[in-house]
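Survey of secondary and tertiary structure
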Amino acid sequence: MLSPQAIEKIDYELTKYPADQRQAAVMSALRIVQTERGWLSKDSISEVAQYLGMPEIAALEVASFYNMYDLSPVGKYKITVCTNISCMLRDSDEIVNHLQTKLGVGFNEVTADGKFCLKEGECMGACGGAPLMTVNNHAMHEFLTPEKVDEILEALK
Amino acid sequence: MTTKMKKLDTMKPVMTDLKGQTLVCLRTLTEENPASLATYIKLGGYSSLKRIVTEKTKATDIITEVKDSVLRGRGGAGFPTGLKWSFMPRYFDGTKYLVCNTDEGEPGTFKDRDIIRYNPHQLIEGMAIAAYTLGAHVGYNYIHGEIWQDYETFEAALHEAKDAGYLGENLFGTNFCFNLYAVHGYGAYICGEETALIESIEGKKGQPRFKPPFPASYGVFGKPTNVNNTESYASIPWIMQHGGAAFAELGVPNSGGTKLFSVSGHVEKPGNYEVKMGMPFSELLEMVGGVWKGRKLKAVIPGGPSTAVLPAATIMSATMDYDGLSKARSSLGAGSLIVMDETTCMVKALHRLSYFFYEESCGQCTPCREGTGWVYRIITRIVNGQGKMEDLDLLTDVSNNISGRTICALGEAAATPVLSFIKHFRPEFEYYIQHGKSMVEPQ
Amino acid sequence: MLNIEIDGKALEVENGSSIIDAADKLGIAIPRFCYHPKLSVAANCRMCLVQVEKFNKPLPACATPVADGMKIFTRSKAAIEAQKSVMEFLLINHPLDCPICDQGGECDLQDVAVAYGTAGSRYTEEKRVVFNKNIGPLISTDMTRCIQCTRCVRFLQEVGGMMELGMVGRGEHAEITAYVDKSVNSELSGNIIDLCPVGALTSKPYRYSARSWELTRRPSIAPHDGLGSHIEVHVKDNKVMRVLPRDKESINECWLSDRDRYSYEGLNSPDRLQVPMIKHNGNWVETDWKTALEFAAGQIKDITNEYGSEALGVLVSPNSTMEEGYLAKQLANGLNCGNVDYRLRQTDFRLDGKRVGTPWMGCNIQEIEELDRILVIGSNLRNEHPLLAQRFRKAVANGAQLSIISPLDNDPLMDIAHKVIVRPNDMVNVLGQVLKAMSGLQRLSLCLPPSLNQLLEEIKVRPNTQAMAESLAGHGAEVDLIAPKVGIFLGNMALSDPRFTEMYSMAEAIGGISGAKGGILPAAANSTGMHFIGVMPSSTGMHARAMLEVPRKAYLIVNIEPELDCQHAALAKSAMQKAECVVALTAYKSAALEHADVLLPIAPFTETSGTFMSMEGRVQSFTAAAKPLGECRPGWKVLRVLANTLGIAGFEYETSEQVKTAIFGGEKPSAVVWRSLNNNLKQLVEIQVNIKHDGLQRIGEVPQYNADPLVRRSPSLQKTKYNTKPLARMCAKQMDQLALVEGEQVLVRQDQGSAVLSVRLDNHVAMGCVRVAAAHEASVSLGDLMGDISIEKLPSTKGVSA
């Protein structure tokens, strides 16, 4: 069951579209439910599909197409590091190595305590601040250095 | 909605040194609180919209002004904006839509982000003028998923504008209505392609549509839709305030106005720089503090990876405008300069780019779905020291077979880096294949 | 019209044509995978790239509209280069496992690869592997072979009406799948096998059983619903291995319902009766034809001699051929017996003798998609006419407004403009309301007969029926149609209803006012043909229901399992039980024939020649696709020899064609049919529109895969979700009213019969109704399909789940 808070937020998104185009809100609805639940289980996707009156498979198509949706658990904090060219040129490798050593996980792995998951990201559209990463999709951290990464991780503990 | 965590970044502009810049789209940056409505109004914001709407300026006059400005699409294709506007059907029963493309996902591109976070109201005004001109009453600004904080900034600006009477019903006491909404992507480069973006707005996978029909006749929800880039819309209020000719004069023939250049990679001061079209690259490089660490320039991708890489010598003599880069056998693209110094291994750089296109291919049509993976695997093999000399011709051939044979331009985009890297830096690739290691990197 | 040139050949084509349409018209083959003329254009496979003058890039022929003066080159260097490169891309990740692929020999990818591929591959990297999906009992998947053309996705969405498959993931990882572990439930699902251009989707029952080149292909006609789909029966070693559609644009287009596609499995059922059998002291004994026929004839003769010819009842399946129906009727005539009928699932015969001609669907199948306004009465379309439903879907997609009056609210997978879901008893009143509302709406106020006018006076028109009437009159939200094309159709539930006469009369009156086309949607493959021949009682004879209510001493039954194929299962069972002799012509040994005395093995439709007449009156003959199994013989031959043995004159037919000639009096069949088809009544029948009656009514729907003996024996179809054993299904409100809970066992009573069934929530069922499926052994103790029913709680099993 979608939470009343989630429904309220989805209903707000629905105001952006014509009444007969509820499916248009699926991107937001999946984002809202993922933010609330940490990741998107198949049940979560079904619930969203039902709420919007669209085929479940169409909702799954969307959830599996955009890579900020997580279809498996990602721990409490999902850290996505951009390794694309602009970041690579500014030593994103160093940031990745640092994170991997520090957290003891590779890409797409979750730490044993279930707290962190490391992901490799594609271009986030903020290359001026390279190297950079996001935490749980919505908080971006730019101009990273190993020291700055440590600060960020510390704040998440 | 955002995770509760201490903010470690302050929202201070990435770009601090405004010297030498000509601010049009980012004109609020001179002010203390650039994103606020008060700041924008102080600089004359929304006055053009008010004048146009209350004086009932003829749509054709506005389009003429935009044509005179020689404003060309800032998203990468460089299509004349005024001409594009004239494609929208004038008489249509039902809703027409206006869409803004703020889905910057091409590596090196981050200019529109600064518009929505530092000068959102200029974009809103530009879109409102476009809506008035094209008879659209609903608009969407589709914002790249990863810049979530800026999405929220823009949503806040929308509410501010609506409360102040610049958006919504019966604006300025006329019967002109315009409702503008922010919508977001969630991690798909392909949605920067306008028809994929439209699909995404409709709540579908971002798979590009075959054109024709073009969005002007079949866009959002099947209705006539005008899609422009953020920077294009944001240029409109200035054009309407100062006149198309004035805008054109800022630039050079065939490339009117200013351009936001996103400079990233091996430079001292990466960031966005808004300068007049036609500025020599060498001058721009100086503005950004030159190549970092005192190193030598090796190559520059001038407009994002879908534009051809240029060796130092070529780019150093080029000017930053549509014709200038076309003459240099590349293109302006979205103005996303990726600067590479002498230590850059071009094989590895291409490897990363080929992975990007492989990862971001939507999978809809055969050449791109199958070809990008093939290219990536060959380059991976080379990087792993298992390359064969004939791989270079195979890479060229496969890339040529992707290019021009797909529904959208991602095919060309994926092929361009392969073709241009091998063309300009073939010896480096040959070295890597022969020796199983990079020619430039310390071992 | 536009003038274009393809490969140097000039051509005039219609505005809006695509290059591929134009080339197809010229017979110029452009290779393609994703394009299909019946589906939306995806332009994703890129195989059809061609060169067009003035364009620097090759263009997809499927998605590029032609323009005047366009010069197209499909075989130029640039075009071939583009096509070959696409072929190479398609093959790099394809497993090339043709030797073990069922599609081998009939594979588009294989065929095109021969023309555009190369002998070796330049691809030396690792190939993609995609896990297979379990999408149900009918379709096998080998997803590594998939080339992502999305034909299957588009078919289910656009033709099937429900998006059951999608392409998830992206890029190279994009794959076709259903949602998690769901199966594809469309009743048209098998078509995606035909659409799949590679071997990714193949038939599960057919899997690994034959190679396509080993099969002999024989044209035939589908034997289940009244559509008359054209099929191709594929035979290996005299065994039917599979059934595929034949293209027939005006009937089934290029599609086939799953029932028509997979019921062939029943042909190879272990139940098949291969030798004649006689019951001796309660035991079945195999015998030879001569003995069996003499025994059968002797029994019939003895009984008719002793009790009179009316002691015999002849019941014929509406799925039997016209030839079989005709000879059964002639045989009864020869014995002076008027008790003949094919209307086994009908209970209201008040229109007998009142009809002008043979009732039919009242229009051509193709015309349905051109209708503007449609009213469907008493039909669960997808269950009754799975493929015809698709034509209605097209009409709605074209903008038609669909109205439904029915006791069941099952989703037809198309937009419904207006619906009234009520008990069958109340449907008559609702029709009265629509009629009354319409009579006030028409520009030309037509006079209704006085008797009907009077009836309507008491009726109060409600807003929903008013809206329905306005829709049928052509009113619209934006524009009113001056002369809307209206179609009104009655389905199986109306045909089986005790108040069919009222429903039919009302529908006819509404149709008269609105200038509608339409009529009945007959349930079975040859219902219309049987009516045309007159496989119905003489003026003094008994109809199907009466023959069971007042049991006969002897029965001759053709191709039926009485308790599963008759309106009143319990009556049918007891009538057979009481009879002194039952002669059954049947393709199957069956528990439902345990009370028979002699079983004469007849050939199913693939082993005999014969003729079906479809719901639109099309007379379609077919020949045998295989030799009769064992000793079984075509039904028409058995009837002929039985008549001979009975000493009845006039049975000299040597071939089924001679029987057909006799049926049509030597005339061209279509000419005779044209004169005969007529839905009008000679005179109005007394009807009653207001019945105050509050009892529960049964909705004895016949599930589509239980409709006849053949389909009941297809194991694969029986494994689908449509095969559910009878339950007491009702809506939540009804369950509350009766204080029942889901899964509770209840005693369900009809007449003398009863059954213990499990309660199931089904909000598609109208209030006041209980949906109990028929044609199933678990409900054979019950009575009328659409009759009164009562439910009693069982004290001991409160809340026990089923």
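Preceding this section is the structure that the text describes.
Along every chain, residues carry numbers that run from 1 in the direction the sequence is written. Think of it this way: whatever chain is written first is A, whatever ligand is written first is 1, and the rest follow in order. Restriction of local features to residues with pLDDT of at least 70 applies here, the model being predicted, together with a cutoff of 80 or more for giving and counting side-chain atom pairs; totals for whole chains, interfaces and linings are based on all residues. In computing side-chain properties, one takes all heavy atoms of the structure into account and sets aside hydrogens as well as water.

1. A closer look at unusual backbone geometry
The line we're drawing: Here a helix means four or more residues in a row that DSSP labels H or I, a strand means two or more in a row labelled E, and each is numbered from the N terminus. Buried means the residue's accessible area, taken with a 1.4 Å probe over protein chains only, is under 20% of the maximum for its type, while exposed means over 50%, and partly exposed covers the values in between.
In this chain, A130 of chain A is followed by P131 of chain A through a cis amide linkage whose omega measures -5 degrees. Residue placement: P131 of chain A occurs in the loop between β3 (116-121) and β4 (133-135). Cis geometry marks the peptide bond from K211 of chain B to P212 of chain B, where omega comes out at 0 degrees. With respect to the helices and strands, the residue P212 of chain B is situated in the loop between α8 (194-201) and β4 (225-229). Even without being glycine, N137 of chain A reaches a positive phi, approximately 65 degrees. As for its placement among the helices and strands, N137 of chain A is situated in the loop between β4 and β5 (139-141). N137 of chain A gets classed as buried once you look at its relative accessible area, which sits at 4%. Notably, N336 of chain C is not glycine yet its phi reads approximately 65 degrees, a positive angle. The class for N336 of chain C is exposed, based on a relative accessible area of 63%.

2. Quick word on a nonpolar patch on the surface
All names here are of chain B. The condition is simple: Residues form patches when they are more than 30% accessible in relative terms and have no salt bridge. Like charges link within 9 Å. Nonpolar side chains (Val, Leu, Ile, Met, Phe, Trp, Tyr) link within 5 Å. Here the accessible surface of atoms and residues is derived via Shrake-Rupley with a 1.4 Å probe, and residues count as covered only by protein chains that are part of the display. One side-chain nitrogen of Lys or Arg within 4 Å of one carboxyl oxygen of Asp or Glu is enough to make a salt bridge.
A cluster of nonpolar side chains, namely F79, L83 and F87, defines an oily patch on the protein surface of about 270 Å² accessible area. Counting through the fold element by element, F79 comes out in the loop between α3 (59-68) and α4 (81-86). Of the residues examined, F79 reaches a relative accessible area of 36% and is grouped as partly exposed.

3. Remarks on helix α6 (residues 120-134) of chain B
Basically, it comes down to this: Expected span of a helix, by definition, is 1.5 Å for each gap between consecutive residues, and there is one gap fewer than residues.
In a regular helix each residue adds 1.5 Å, so 15 residues correspond to 21 Å; α6 of chain B covers 21 Å between its end C-alpha atoms and thus fits that length. Positive backbone phi, at 75 degrees, marks G135 of chain B, one or two positions downstream of α6 of chain B.

4. Section: the interface of chain B and chain A
Often, the extent of an interface is quoted as the loss of accessible area upon association of its parts. In plain terms, the rule: Two residues qualify as a contact provided that any one of their heavy atoms is within 4.5 Å of a heavy atom in the partner residue. Note: buried area is the sum, over both parts, of the accessible area (probe 1.4 Å) each one loses when the two are combined. Here a polar contact is recorded for every N or O atom pair within 3.5 Å, except that within protein the pair must consist of a potential hydrogen donor and a potential acceptor, and residues adjacent in sequence are included only if both atoms are side-chain atoms.
The interface of chain B with chain A comprises 67 residues on the first partner and 55 residues on the second. Roughly 5,100 Å² of surface becomes buried between chain B and chain A when both sides are summed, with 58% attributable to carbon and sulfur atoms. Our count for the contact surface shared by chain B and chain A stands at four salt bridges. Notably, a salt bridge pairs R113 of chain B with E142 of chain A, separated by 2.9 Å at the nearest N-O pair. Linking chain B with chain A are 26 residue pairs in polar contact (both at pLDDT 80 or more), by the criterion used here. Listing elements by their share of the side of chain B that touches chain A, those giving two or more residues are α5 (111-118), β2 (138-143), α7 (148-163), β3 (179-184), α8, β5 (258-265), β11 (336-341) and α14 (346-360) of chain B.

5. A short note on the sheet that holds strand β5 (residues 71-73) of chain C
All names here are of chain C. As a reminder of what qualifies: At least two DSSP bridges between two strands are needed for those strands to be called paired. As a rule, the C-alpha atoms of each element are fitted with a line to give its axis, helices using only the stretch in contact, and angles between N-to-C directions run from 0 to 180 degrees.
Strand order in this open sheet of five strands is β2-β1-β5-β3-β4, and the pairing throughout is mixed. Two strands bound the open sheet, and with one partner strand each, they are β2 (9-13) and β4 (59-60). Note: strand β3 (residues 49-52) against β4, two bridges, orientation antiparallel. Note on β4: the bridge partner recorded for L49 is P60. Sitting on the sheet, helix α1 (residues 19-26) touches β1 (2-6), β2, β3 and β5, and the angle it makes with β1 is about 70 degrees. Strand contacts of helix α2 (residues 77-92): β3 and β5, with the helix running at about 160 degrees to β3, the strand carrying the most contacts.

Note that all results are geometric; they support no functional claim without further evidence.
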